[in-house]
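Observations on the model geometry
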Amino acid sequence: MPAMVVFGRRWRIASDDLVFPGAFELFIRAVWWIVTLVVYTNHKGRFDCQGGTYLHNYLVVLLVLLGVIILTLCAIVYISAQGTIMNPGPRRSVPALVYLRALLYVPELVWACLGAVWVSDSSTGCKPEEVGAVIACVCVLSWIILLSMAVGVLVVFDPLGSQRPGAPPDAPRGVRDLESSESSQLFYTAHTVASRVWESRLRLLCCCLPQDNNHRAAFSSIAQLVSGFFLDTDLVPSDIAAGLALLHQEQDKMEHCRDPDEVLSHSLSSPIREDLEVELEKAAHFMKFAAAAYGWPLYVYSNPLTGLCKLSGDCCRSRQAEYDLVGGDSLGCHFTSILQSTGLQYRDFIHISFHNQIYEIPFYVALDHKREAVLVAVRGTLSLKDVLTDLSAECENLSVEGISGTCYAHKGISQAAHYIYKRLVNDGILSQAFNIAPEYKLVICGHSLGAGAASLLAVLLRSTHPTLQCYAFSPPGASFAYIPNMEDLKRRLLKMVSNCSKPKYKILMRGCWYELFGGAPDDFPTELENRREEVLNQPLLGEESLLVQRSNTYQSLSSDDSPAHPTHLPLYLPGRILHITEDGPARRHCFAPVRYRAEWSSETSFRNVLISPRMVADHMPDVVLRALRSLTREQPFALCPSSTSNSHLNVI
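About the thresholds
Residues numbered from 1 in each chain as written. Predicted model: local features only at pLDDT ≥ 70, side-chain atom pairs only at ≥ 80, totals over all residues. Heavy atoms only, no water. Helix = DSSP H or I, 4+ residues; strand = E, 2+ residues; numbered from the N terminus. Buried < 20%, exposed > 50% of the residue type's maximum accessible area, 1.4 Å probe, protein only. Contact = heavy atoms within 4.5 Å. Areas by Shrake-Rupley, 256 points an atom, 1.4 Å probe, with all protein chains shown as cover. Salt bridge = Lys/Arg side-chain N within 4 Å of Asp/Glu carboxyl O. Phe/Tyr/Trp six-rings, centres within 6.5 Å; stacked < 30°, edge-to-face > 60°. Core = buried A, V, L, I, M, F, W, Y, C linked by side-chain atoms within 4.5 Å. Expected span 1.5 Å × (residues − 1). Arc of directions from axis to C-beta. UniProt positions renumbered as here; feature names shortened; annotations may be inferred. Patch = residues over 30% accessible without salt bridge, like charges linked within 9 Å, V, L, I, M, F, W, Y side chains within 5 Å. Axes fitted to C-alpha atoms, helices over the stretch in contact; angles between N-to-C directions. Parallel < 35°, antiparallel > 145°, perpendicular 65-115°, else oblique. Left-handed = near helix turned anticlockwise from the far one by under 90°. Pairing = 2+ DSSP bridges. Polar contact = N/O pair within 3.5 Å; in protein donor to acceptor, adjacent residues only side chain to side chain.

Looking at the overall build of the chain
Looking only at helices and strands, the chain features 23 helices and 12 strands. Here the chain, with 652 residues, has 48% of them falling under the buried criterion. Across the chain, every contact between residues at least 6 apart in sequence was considered, and the portion connecting residues at least 24 apart equals 75%. For the chain, the exposed area adds up to about 31,400 Å²; of that, 60% sits on carbon and sulfur atoms.

Next up, the structure:
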């Protein structure tokens, strides 16, 4: 940080990002130079074949050219390793070295072409090792490196890099005031261009999906969200990676230093403990149905040895009549996997739908005779369309009967909940279920995206079914607090990289080692702890950018509190929250038993994003189900790969 400016535009790479690629190329060039020197030394004075003189001169010039490139790379690696993320001053000469390195590609390309011409026209009669050395230098290394450079340029190319920067620091005050008055327009223009770029990327990524109005609206909504997230900063991808590494170690350090008395403990005979055990039993029971909603993919994943065999017999059987009775569509092997996972009979199902479009997610309705419940289970994220629903994270008005004032919810999840609500009510699915079992209560459950939709569906149905219960497993903090949480994560990332006084390459190396092998969190020294807000508000970049100068994110760096004027409306998790964490040492071997601890929590505990290498794995429905079953059966389960920190499984 900041993004490096060369050739008149910004790139998605900073001046301290050249350590690792430069060191790798330096190693390749050094080996190449040594091999060329050995070939030249062994054959010096004996280039007596046709074109031998040309080959002699070619190798001499190649050695000189490689030597100059190696010296340039040494300078780039050394200078790029200086300073810190927020202190690019010691690296101010990196752009000049980049220009020099780019200039050296011209003679290298010319010499590669001349070498190819010699191999094809003038190598007759030369020794095979001489020809092989030139072929290796020309046809392999030279062209591979040149092509790799071209690919690298495409990777770090920033389509927004040509946006006009702000006034230079030494500009007259009148000019700076004029520029400040134009900053809002600059920000709007940059945001518009960024949105268009991201929308084009989404259309390309999702080219296989139909381009209807819903998809176009989703692409636009997601592009607006993603493009504006880091627009008011000058972060490059490696800065984000370094910030995540620092934040993970900082969170682990705070966890290790936490007072054990802060962890609530209840005696076996306490009412709170009894209530917890009852709810755990119910949660484990209904999580089985939430996991079954994923259909055959999760069933086969959870039963890799026997899943296909158990499903194969029924998947190919024609059950059109039964499907018509059930009222489902596009079932395939899904119905069989649901029967296997839940233990229900065919006659227990009222409706099954695996229809899947953006804002329209699969669900099923069944009779749970064990708990005397009409059960609505909603599937979580499994398809690209579900991902688009997840990422449509702007706020949307939610009309709730009996509640005055305006309510808001995550747009994608709100749309999905309204879709299921219309199917249940307008199509008479719930009426059909309660005609069969009028004394049963209504229970709604789901996991991940399905958990968020289940929560909002419960809110919508509460007025007509006041006794309903909802079990939402691992709802995406995304469901209700995605944008505020991510804004907080961005602010903390900036604070971490601002405060760390180590160079980025050391942060990344230490972070990789910590994620792979664990150990004690590194106590990184800080150099900015006592800097005041007005200092942090000054340009922390190589050049001053109006977009960054006026950024709310940078203005909140010196405070541990959230910004006084949050960018997005805060949303909250509903209901009672049951929090499950891994109990025991931070690291364990692969087959060591893992035990869990469950306790009641509050929504304030989930206002920050916790960084962990098992963030995705612990969110998986089979892991949540195993954790709940281990708590109710008091049987530990081994989950691999081993965790490097306490894992967090969120269950409502």
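Side note on the pattern of salt bridges
Pairing between side chains of opposite charge can happen when the charged atoms of each approach one another. Counted by the stated rule, this structure contains 14 salt bridges. Salt-bridge contacts for Glu108 lead to Arg101; the nearest nitrogen and oxygen are separated by 3.9 Å. Under the relative-accessibility criterion, Glu108 is labelled buried at 4%. Overall, Arg101 belongs to the buried group, its relative accessible area being 5%. Glu394 is paired through a salt bridge with Lys411; the nearest N and O atoms lie 3.7 Å apart. Pair noted here: Glu394 is in the loop between helix H14 (384-391) and strand S6 (395-398) and Lys411 is in helix H15 (residues 411-426), with a separation of 17 residues, a long-range link. A relative accessible area of 34% places Glu394 in the partly exposed class. Beyond isolated ion pairs, a larger network of salt bridges with shared partners links Asp16, Asp17, Arg91, Asp239 and Lys504.

Structural notes on the packing of aromatic side chains
In the structure shown here, the tally under the stated rule is seven aromatic pairs. Pairing Phe7 with Tyr99 gives two aromatic rings, centres 5.0 Å apart and planes at 85 degrees, and the pair type is edge-to-face. Taken as a pair, Phe7 in the loop between strand S1 (3-6) and strand S2 (9-14) and Tyr99 in helix H3 (residues 94-121) lie far apart in primary sequence, 92 residues in all. On the basis of relative accessibility, which here comes to 37%, the residue Tyr99 falls in the partly exposed class. Seen in terms of ring centroids, Phe335 and Tyr346 are 6.1 Å apart; in terms of plane orientation they differ by 65 degrees. Their pairing is edge-to-face. With Phe335 in helix H13 (residues 334-342) and Tyr346 in the loop between H13 and strand S3 (349-353), the pair connects residues that are 11 residues apart, well separated along the chain. By relative accessible area, which is 0% here, Phe335 ends up buried. Ring-pair connections join several aromatic residues into one group, and the members of that group are Phe335, Tyr346, Phe349 and Tyr364.

Focus: the nonpolar core
Among soluble globular proteins, nonpolar side chains are generally buried collectively. With 38 residues, the main nonpolar core has Phe286, Met287, Phe349, Tyr364, Cys445, Phe473 and Leu628 as its most contacted residues. Top element by residues in this core is helix H9 (residues 271-292). It accounts for 10 residues. Setting aside its immediate chain neighbours within four residues, Tyr364 contacts Phe289, Ala292, Ala293, Ile338, Thr342, Phe349, His351, Ile352, Leu375, Val376 and Ala377. In terms of nonpolar packing, the next biggest core, distinct from the first, is built from 35 residues, Ile350, Ile361, Val400 and Cys407 among them.

A look at helix H19 (residues 504-517)
In this model H19 runs 20 Å from its N-terminal to its C-terminal C-alpha over 14 residues, within 8% of the 20 Å that 1.5 Å per residue would give. Restricting attention to buried positions, one finds in H19 the residues Lys504, Ile507, Leu508, Gly511 and Tyr514. In an axial view of H19, the angular spread of the buried residues amounts to 130 degrees, which keeps them on one side of the axis. Structurally, H19 contributes buried residues whose contacts are with S2, helix H1 (19-42) and helix H8 (237-256). Just past H19, the residue Gly518 takes up positive phi, approximately 75 degrees.

Considerations on the UniProt feature "transmembrane region" (unreviewed entry) in the chain
Cross-referencing UniProt, the feature "transmembrane region" (unreviewed entry) maps to residues 20-42, 54-79, 99-119 and 131-157 in the present numbering. From the first C-alpha to the last, residues 20-42 spans 33 Å; its make-up is 100% helix and 0% strand. Segment residues 54-79 splits into 100% helix and 0% strand. End C-alpha atoms: 37 Å apart.

Some words on a nonpolar patch on the surface
A cluster of nonpolar side chains, contributed by Tyr54, Leu100, Leu103, Val106, Val110 and Leu114, occupies part of the molecular surface with about 500 Å² of accessible area. The leading source of residues in the nonpolar patch is H3, at five residues. Tracing the sequence through the fold places Tyr54 in helix H2 (residues 52-80).

A few points about unusual backbone geometry
The phi dihedral of Tyr359 is positive, around 70 degrees, even though this residue is not glycine. Within the secondary structure, Tyr359 is located in the loop between S3 and strand S4 (363-368). Of note in the backbone geometry, Ser474 takes a positive phi value of approximately 50 degrees without being a glycine. Mapped onto the fold, Ser474 is located in the loop between strand S9 (469-473) and helix H18 (477-499). Its relative accessible area of 3% is what places Ser474 among the buried residues.

Topic: the packing of H15 against helix H17 (residues 449-461)
Two elements in contact, H15 and H17, have axes whose closest approach is 8 Å; the angle formed by their N-to-C orientations is 55 degrees. The angle between the axes of H15 and H17 places the two elements in the oblique class. The handedness of the crossing between H15 and H17 comes out as right-handed. On H17, the residues that touch Ile413, Ser414, Ala416, Ala417, His418, Ile420, Tyr421, Leu424 and Val425 of H15 are Leu449, Gly452, Ala453, Leu456, Leu457, Leu460 and Leu461.

Points about the pairing of S2
Among the six residues that make up S2, five are buried, leaving the element largely enclosed by the rest of the structure. When S1 meets S2, the two strands line up antiparallel, connected through three bridges. Bridging across to S2, Val6 finds its partner in Arg9. If you look at the hairpin formed by S1 and S2, you'll find two residues sitting between the two strands, and Phe7 has a positive phi there, around 55 degrees.

As for the pairing of S4
For S4, the tally of buried residues reaches six of six residues, placing the bulk of the element in the interior. Residues of S4 alternate between two faces, with Phe363, Val365 and Leu367 on one and Tyr364, Ala366 and Asp368 on the opposite face, all of them buried. Note that S3 and S4 share four bridges and pair antiparallel. The residue bridging Phe349 from the neighbouring strand is Ala366, located in S4. Pairing between S4 and strand S5 (residues 373-378): six bridges, direction antiparallel. The residue bridging Tyr364 from the neighbouring strand is Ala377, located in S5.

Looking at the side chain of Asp17
Considering the arrangement of structural elements, one finds Asp17 in the loop between S2 and H1. By relative accessible area, Asp17 is classed as buried at 14%. Within polar-contact distance, the side chain of Asp17 engages the backbone nitrogen of Ala14 at 2.8 Å. Among the polar contacts made by the side chain of Asp17, one reaches the side chain of Lys504 at a distance of 2.8 Å. Once residues within four sequence positions are removed from consideration, Asp17 is found in contact with Ser80, Val236, Ser238 and Lys504.

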